[in-house]
Amino acid sequence: MTDDHLKVTNVSYLTGVLLDFKGIKIREFCQSKIESGADPFSIFGELQHGLEEIGKGYEDPGFRRYFNSDLIVSGRNMKRAIEILKPLLPPRKDGKGLVVIGTVAGDVHDIGKTIFAVTLESDGFIIKDIGVDVSCTGFIEAVRETSPDILAMSSLLTTTLPSMSEVIQGLTIAGLRDRVWVIVGGHAVTEQFARTIGADAYGRDCVDGLRKCREFMQEKV
Ligand code: B12
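Computed from a predicted model, the values in this text were never measured in an experiment. (Residues numbered from 1 in each chain as written. Predicted model: local features only at pLDDT ≥ 70, side-chain atom pairs only at ≥ 80, totals over all residues.)

**Student:** Any details on the overall build of the protein? Residues and values, ideally.
**Tutor:** The number of helices and strands found in the protein is nine helices and five strands. Scanning the protein from its N terminus toward the C terminus, one meets helices and strands in the order α-α-α-α-β-α-β-α-β-α-β-α-β-α. Relative to the compact-globule value of 17 Å for 221 residues, the protein shows a C-alpha radius of gyration of 18 Å, a close match. Along the first, second and third principal axes, the C-alpha set of the protein runs to 60 × 40 × 30 Å. Buried residues in the protein amount to 33% of all 221 residues. Nonlocal contacts in the protein, meaning residues at least 24 apart in sequence, comprise 75% of its contacts between residues at least 6 apart. (Helix = DSSP H or I, 4+ residues; strand = E, 2+ residues; numbered from the N terminus. Rg over C-alpha atoms; globule rule 2.2 N^0.38 Å. Buried ≥ 20, exposed ≤ 12 C-beta atoms within 10 Å, placed from the backbone. Contact = placed C-beta atoms within 7 Å.)

**Student:** Kindly report on the site of the ligand, identifying the contributing residues and their values.
**Tutor:** Every one of the 40 residues lining the ligand counts as a neighbour, but Gly55, Gly112, Gly185, Gly203 and Gly209 are closest to it. Within the residue set of the shell around the ligand, elements represented by two or more residues are helix H3 (40-59), helix H4 (68-85), helix H5 (111-122), strand S3 (150-154), strand S4 (181-185) and helix H9 (206-220). Broken down by element, the shell around the ligand gets its largest block of residues, seven residues, from H3. Classifying every residue of the shell around the ligand gives 18 nonpolar, 16 polar and six charged. The residues that make up the shell around the ligand include at least three from each of domain 1 (3-88) and domain 2 (98-220). (Near = placed C-beta within 6 Å. Nonpolar A, V, L, I, M, F, W, Y, C, P; charged D, E, K, R; others polar. Domains from an automatic or database assignment.)

**Student:** Outline the nonpolar core, supporting the account with residue identities and numerical values.
**Tutor:** One finds Leu18, Val99, Leu151, Ala152, Ile183 and Val184 to be the most contacted residues of the largest nonpolar core, which totals 47 residues. It is H5 that contributes the most residues to this core, six residues altogether. Taken domain by domain, this core gets at least three of its residues from each of domain 1 (3-88) and domain 2 (98-220). Residues within four places of Leu18 in sequence aside, it is in contact with Ile26, Leu47, Gly50, Leu51, Ile54, Ser74, Asn77 and Met78. (Core = buried A, V, L, I, M, F, W, Y, C linked by C-beta atoms within 7 Å.)

**Student:** A description of the pairing of S4 should follow, citing residues and the corresponding values.
**Tutor:** A large share of S4 lies buried, amounting to five of its five residues. A two-sided burial pattern is seen for S4, the buried positions comprising Trp181, Ile183 and Gly185 on one face and Val182 and Val184 on the other. Where S3 lies against S4, five bridges are found, and the strand directions are parallel. When the sheet's bridge partners are listed, Ser154 is paired in S4 with Gly185. As a crossover connection, the stretch from S3 through helix H7 (residues 161-173) into S4 is right-handed. Inspection of the sheet shows S4 paired to strand S5 (residues 201-203) by three bridges, in the parallel sense. Residue pairing across strands places Ile183 opposite Ala201, the latter belonging to S5. Read from S4 through helix H8 (residues 191-197) to S5, the crossover connection turns out right-handed. (Pairing = 2+ DSSP bridges. Right-handed = clockwise from strand over helix to strand, strands pointing away.)

**Student:** Summarise the sheet that holds S4; cite the residues concerned and give the values.
**Tutor:** If you trace the five strands from one edge of the open sheet to the other, you get S2-S1-S3-S4-S5, paired in parallel fashion. Each edge of the sheet is formed by a strand with only one pairing partner; in this case those strands are strand S2 (126-129) and S5. Averaged over all pairs of adjacent strands, the angle between their axes in this sheet comes to 25°, without regard to strand direction. Sheet topology note: the strand S1 (residues 98-103)/S2 ladder contains four bridges and is parallel. Paired with Ile101 across the strands is Asp129, a residue of S2. Contacts from H9 reach S1, S3, S4 and S5 within the one sheet, and its direction differs from that of S4 by about 175°. (Axes fitted to C-alpha atoms, helices over the stretch in contact; angles between N-to-C directions.)

**Student:** Requested: an account of H4, with residues and values cited.
**Tutor:** Taking 1.5 Å of rise per residue, 18 residues should cover 26 Å, and H4 covers 26 Å from first to last C-alpha, within 8% of that figure. Among the residues of H4, Ser74, Asn77, Met78, Ala81 and Leu85 are the ones counted as buried. Viewed end-on, H4 has its buried residues packed into an arc of 105°, placing them on one side of the element. Exposed and oriented more than 90 degrees from the buried face of H4 are Asn68, Ser69, Ile72 and Glu83. (Expected span 1.5 Å × (residues − 1). Arc of directions from axis to C-beta.)

Laid out in structure tokens, this is it:
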């Protein structure tokens, strides 16, 4: 048996866990991983790998293996995993910085955003999560009202990427751009895109995003 074969077996196991309608397998999976000493980020990472596989099977034009219902079930199970793993990443109250976070207009994906928010919170950041499908005005008003150190935006759909650019332009017009660092991330976002729209940083994943937010706060002192 080659390593490649093992990888395939592993991914199909993960998709089985994520597509279990009753949510029993996800609980067993998280529990056994916790008992074996795995840290929450590696468990999220493994599950994300499974979600990517489901995403690939969903968009495969040659042989569509997954459908809308699979996106829904896997999304629900990933949220169950967040609930199970969140207590292992308790918030630290260091007051490292205030972060406003949301998913852009037209996009309701919130799993990655929530994992990123929990990651920041467990590192001492204070989080104001303004939810999903947040309008350009919604982001700008949140920045105006709360004066955060960092604005974090998530987008998983390529069709909603332009909203990120609109928010940054809107911040500039409102005279708020110089007062807040902007970090962007999510499945649809790339480093190149982040640079093009004038974001201060791109987070490949929640750990990379955390590192960049820490750097922002270090620059401040
Ligand atoms: C689950 C899922 C859903 C669920 C979401 C449930 C929920 N509550 O979030 C539901 C069923 C709602 C859904 C709906 C749709 N989905 Co969907 N979905 C997925 C799926 C399978 C997993 C997404 C996910 O949670 N991934 C796991 C998380 C952890 O990953 P992540 O979000 O990328 O986050 C990580 C990093 O990116 C980063 N991160 C995320 N945000 C941020 C923000 C910052 C600031 C930073 C620093 C980092 C960061 O940290 C996270 C952890 O490392 C993906 C497939 C995929 N490959 O991602 C498709 C996918 C995103 N969906 C897709 C599509 C097409 C749709 C629909 C349009 C389907 C339809 N026809 O209705 C709708 C759109 C609804 C809408 N208006 O938003 C496409 C998007 C294609 C594209 N190029 O735009 C994908 C890629 C599937 C595919 N391959 O075709 N979906």
